[in-house]
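One-letter residues, chain by chain:
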Amino acid sequence: MSSINGGNVLPAEEPPTVLYVGQHETQRSEQVSLDLLRRAQDLGYDLLTTPITTPKFQSRVLETLENHVYQLDTSDTASSMPLPMVSSLSPEDSDLVPEESNSSLVAVTSPWIDMGSLDPLIAHISRQVFILEVAYAAFCGVSNVLVHGPTTSEGTVRFARAALEALGLGPYVHLHILMPMTGELEQDVSAVGTHLSEMVRPQYASDDEDENEGEPELFSSWEMWNTIRAICSYTTRLSIALEVPRGLPPQSLQCRWYSEPIRLLMLPRTCFLRNGKGYPVLSKQHQHFLTLLLRLRFPPWALLSDVGGIPSEETTTGGASEPSPDLTPAEAAASRSRDSVDDPTQHLHYMRHLQQSQPSRPPIERFGQGYQDYMQSPLQPLTDNLESITYEIFEKDPVKYEWYERAVALALKDLRALLRDERQIIVAVAGAGRGPLVTRVLQASRTTGINVKCYAVEKNPNAHLLLQRRNATDPLWANQVTVVASDMRTWPGPILPNSSLTKTDLLVSELLGSFADNELSPECLDGVQHVLHPGHGISIPQSYSAHLTPIASPRLHSDLLSRASTDISLSVSEKWEIPYVVMLHQFDYLSTSIPASAEGPRMPDVQQAWSFPHPVAPEILAHARQRGAGGTVADPGTPYSGPSTNDHNARSCTLRFACADRGVCHGLAGYFETVLYSSPSNSHHNKNNSEQQIIELSTNPVTMAEKSKDMISWFPIFFPLKTPLHIPDGGEMEVSMWRQTDDRKVWYEWVVEVYVRVAVGEEGGRKRMRVGISELHSSRRNGCMM
Ligand SMILES: C[S@@+](CC[C@H](N)C(=O)[O-])C[C@H]1O[C@@H](n2cnc3c(N)ncnc32)[C@H](O)[C@@H]1O
């Protein structure tokens, strides 16, 4: 059964690209007044940054610090001296005032403080400055606050502790931590006067020089951010202001940042190139990264940093000459406004041009617009009946039905060749819904010229009514389809005119969930297998398999954390114990294959968990029936012991995933593949023509493009981890998963372990050491009812 959007209507049109652009100056020369904001908005900016405090305040704080240090150095009672207090803000300490228009401002805390300092005096002063500033910004109604991230990884925990305190100052305070993608910020904060880190007393200077030697680690900036947000418990009020460098880091790091909550994208002047005509442009790689971010459910705002001030009224009203016809729209706009490559709004015009000219999204993204990273509880296909609108959405899939028709046509040809007579081939569509697969069977019959007798079996009484109506009105159906209202597992099978039961030659169904078997296709198809001819009967699909890979998805983790315990259907802890159907968007694969080239696609390592073939070997079903009747006793002592007719549908797997880069695992992404039909005459056909003889569907990101590109019916599934698991560089994840069943329901259990290989002895031997393990998660309480 498909799982898209829980039955909501989805727009398939290209949604407009939303891009808010703000202007930032590391050292704003002009006070951010209402007038400046209006001028900025007239130019096309949506927001401005503003410092919270003035240089006067900075001088006052420095003075306090210097006085204290002087007293410490000269006083006899230095050891008992209390730490200095930074007194409340005075009118000359800040130009910010409460205004309605403050919602268009991003307040910037002082970049010269160092909350993570090893020197307790510096850390103490910095923390006070920070708290005073955030509290005042919040008081003035500026809820978005930009904070320069920690200067060293050593100070990250202290920085995070202060950030957590600031978040407690008000329910609307939202902190954006300014981080470089890697290494150090391009913005020169030394321009804003003495940085407090320069005033560290010698006894507190870092002694970890050995550790800090050499190149900064690629992922160190990300790691700092990860520490901050973990200490702040993944609150949605903490996000990143990511500074984009001129040269982008490798794909692996770009993808990691992409998965994080980037709310502001800081674009300094230095990240722009100049094109042949001297106008600022972004490189192709930068444009691609921006495009990905702009497709997020909540795209970041762009902050153009130090690209030129906001011109005063007089300079903006000067006459502009007509632009040259060979300029791009962005260049023309820039040229029209100022007619100069020195125009301070060129970068803004260029960003607007990029906004207007975004490439169109892939079909699944268009279709799922608004549903990115939205977690839905999986369906209960046997107890719930779908609504017509849900079927209607499935039926929009441009690939699935087409592929089914091809599979049916191929199977009909093989059956005709095998049966060697002209009798009608008996086809049953099990779980017919509103009938699209019945139509495809009839079309395949028409195109192959092979006569069929078609049965449509459906347990949803409302869909059954529609099937009957369609049989009477659809010229292709022409009242020739036998519509059966029944659970397929209790359907005795086709009845001949002489009232005797017969078997079907071909059984067509689509009962697949996002993880293949999670909507009980195996159980339903076992139950209807008795109607399939035991000799030559064909099932479409012939097999399906579940696939998974570990992912980092801070967004989903944060979303689950914040889900209220008032959810009537789930207890607080149960939300971690069920898989969710979700259009995964803002996430990162933790285990990937190395791309062939730097630009080559980075493919995840997606491994098969298990598979189900159909029809099942008759002995297996006979044995299951025997167990159900009490003929065999199950292993005593096992939690689900006792005779079960469904034990043959239990599965388990243990899979290992190599992780080149450090990261945090928030759960497992699940996909499926299915072979609808693989013709046994495969090789024979291929000799004579190039027609494809194996028809498959896939949502596995590695094989989807090749097997069923642009299929939209299924979103992936997500198995969450209650406690995120940290993986070091070069670590290995081991995923153990079970499909469990008793005679009433089916559920999943999963556990993830992290290993590293460490050198042992002098002979170069290596030992596999476990460094982390998750809880055992189980969806038993919310299992799928059989
Ligand atoms: C995903 S829908 C597919 C509908 C349609 N065949 C299509 O491809 O658009 C699965 C259908 O199977 C039906 N179904 C599921 N389990 C069934 C069962 N045990 N017996 C009969 N119908 C069943 C559901 O009611 C639903 O209509």
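Please read these numbers as outputs of a predicted model, since none were measured by experiment. (Residues numbered from 1 in each chain as written. Predicted model: local features only at pLDDT ≥ 70, side-chain atom pairs only at ≥ 80, totals over all residues.)

Considerations on the overall build of the protein
For the record, the criterion: Comment: elements are numbered from the N terminus, with helices defined as DSSP H or I runs of at least four residues and strands as E runs of at least two. Any residue with 12 or fewer other C-beta atoms within 10 Å of its own C-beta is exposed, any with 20 or more is buried, and the rest are partly exposed; the C-beta atoms used are placed from the backbone. Think of it this way: build a C-beta for each residue from its backbone, and any pair within 7 Å is a contact.
Regarding its fold elements, the protein presents 21 helices and 28 strands. Looking at the protein residue by residue over its 786 residues, the buried ones come to 43%. Summarising the internal contacts of the protein: among those between residues at least 6 apart in sequence, 79% fall at separations of at least 24.

Side note on the UniProt feature "active site" (unreviewed entry) in the protein
Formally: UniProt positions are given in the numbering used here, feature names are shortened, and annotations may be inferred rather than shown by experiment.
Here, the residues flagged by UniProt with the feature "active site" (unreviewed entry) are E510 and E519. Relative to the assigned elements, E510 resides in the loop between strand 14 (506–509) and helix 17 (521–528). E510 sits in the buried class, given 24 other C-beta atoms within 10 Å. Not counting the four nearest positions on each side in its chain, E510 is found in contact with G431 and L437. As for its position among the elements, E519 is in the loop between strand 14 and helix 17.

Some remarks on the packing of helix 14 (residues 400–419) against helix 15 (residues 436–448)
Our working rule: Each axis is a line fitted through C-alpha atoms, taken for helices only over the stretch in contact, and angles between the N-to-C directions span 0 to 180 degrees. In what follows, roughly perpendicular refers to angles from 65 to 115 degrees, roughly parallel to angles under 35, roughly antiparallel to angles over 145, and oblique to any angle outside these ranges. Two helices that cross are described as forming a left-handed crossing if the nearer one is turned anticlockwise from the farther one by less than a right angle, and a right-handed crossing if clockwise.
Taken N-terminus to C-terminus, the directions of helix 14 and helix 15 make an angle of 45 degrees; their axes are 8 Å apart at the nearest point. Relative to helix 15, the element helix 14 is oriented oblique. Seen from above, helix 14 lies across helix 15 with right-handed handedness. Taken together, the residues of helix 15 that come into contact with helix 14 (itself represented by Y401, Y404, E405, V408, A409, L412 and K413) are P436, L437, R440, V441, Q443, A444, S445, T447 and T448.

Quick notes on the sheet that holds strand 3 (residues 105–108)
Selection rule: Each pair of strands is called paired provided DSSP finds at least two bridges between the two strands.
Taken together, the 8 strands give a closed barrel; going around it, the order is 1-2-3-4-5-6-7-10, and neighbouring strands pair in parallel fashion. When strand polarity is set aside, the average angle formed by the axes of neighbouring strands in this sheet is 30 degrees. Pairing between strand 7 (residues 262–268) and strand 10 (residues 301–305): 5 bridges, direction parallel. The partner of L267 across the bridge, within strand 10, is L304.

A look at the confidence of the model for the protein
Applied cut-off: A residue's pLDDT is simply how confident the predictor is in it, with values from 0 to 100.
Mean pLDDT over the protein stands at 90; residues scoring 70 or higher make up 89%. Predicted confidence for residues 5–10 stays below pLDDT 50, and this span has 14 contacts to residues more than four positions away or in other chains. Contacts for the low-pLDDT stretch residues 632–640, under 50 throughout, to residues beyond four places or in other chains number 12 contacts. For this predicted complex, the interface confidence score (ipTM) comes to 0.99, while the overall pTM stands at 0.92.

Here's the deal with the nonpolar core
For the record, the criterion: Here, a nonpolar core means buried Ala, Val, Leu, Ile, Met, Phe, Trp, Tyr and Cys residues linked by C-beta atoms lying within 7 Å of one another.
Core analysis: the largest hydrophobic core is formed by 104 residues, its most contacted members being V429, V441 and A456. Among residues more than four places away in sequence, those in contact with V441 are V408, V427, V429, V452, C454 and V508. Within the second largest apolar cluster, 76 residues are counted, among which are V106, V134, M181 and M266.

Section: the UniProt feature "site: Critical for specifying symmetric addition of methyl groups" (unreviewed entry) in the protein
Within the UniProt annotation, "site: Critical for specifying symmetric addition of methyl groups" (unreviewed entry) is assigned to F394. For F394, the location among the structural elements is in helix 13 (residues 388–394).

Brief notes about the sheet that holds strand 13 (residues 482–485)
The 5 strands are arranged 13-12-11-14-15 in an open sheet whose pairing can be described as parallel. Since the sheet does not close on itself, it has two edges, and those belong to strand 13 and strand 15 (538–540), each with one partner. Adjacent strand axes in the sheet meet at a mean angle of 20 degrees when their direction is disregarded. Judged from the 6 bridges that link them, strand 11 (residues 425–430) and strand 12 (residues 452–458) form a sheet pairing that is parallel. When the sheet's bridge partners are listed, V427 is paired in strand 12 with C454. Contacts from helix 14 reach strand 11, strand 14 and strand 15, with the element oriented near 175 degrees to strand 15.

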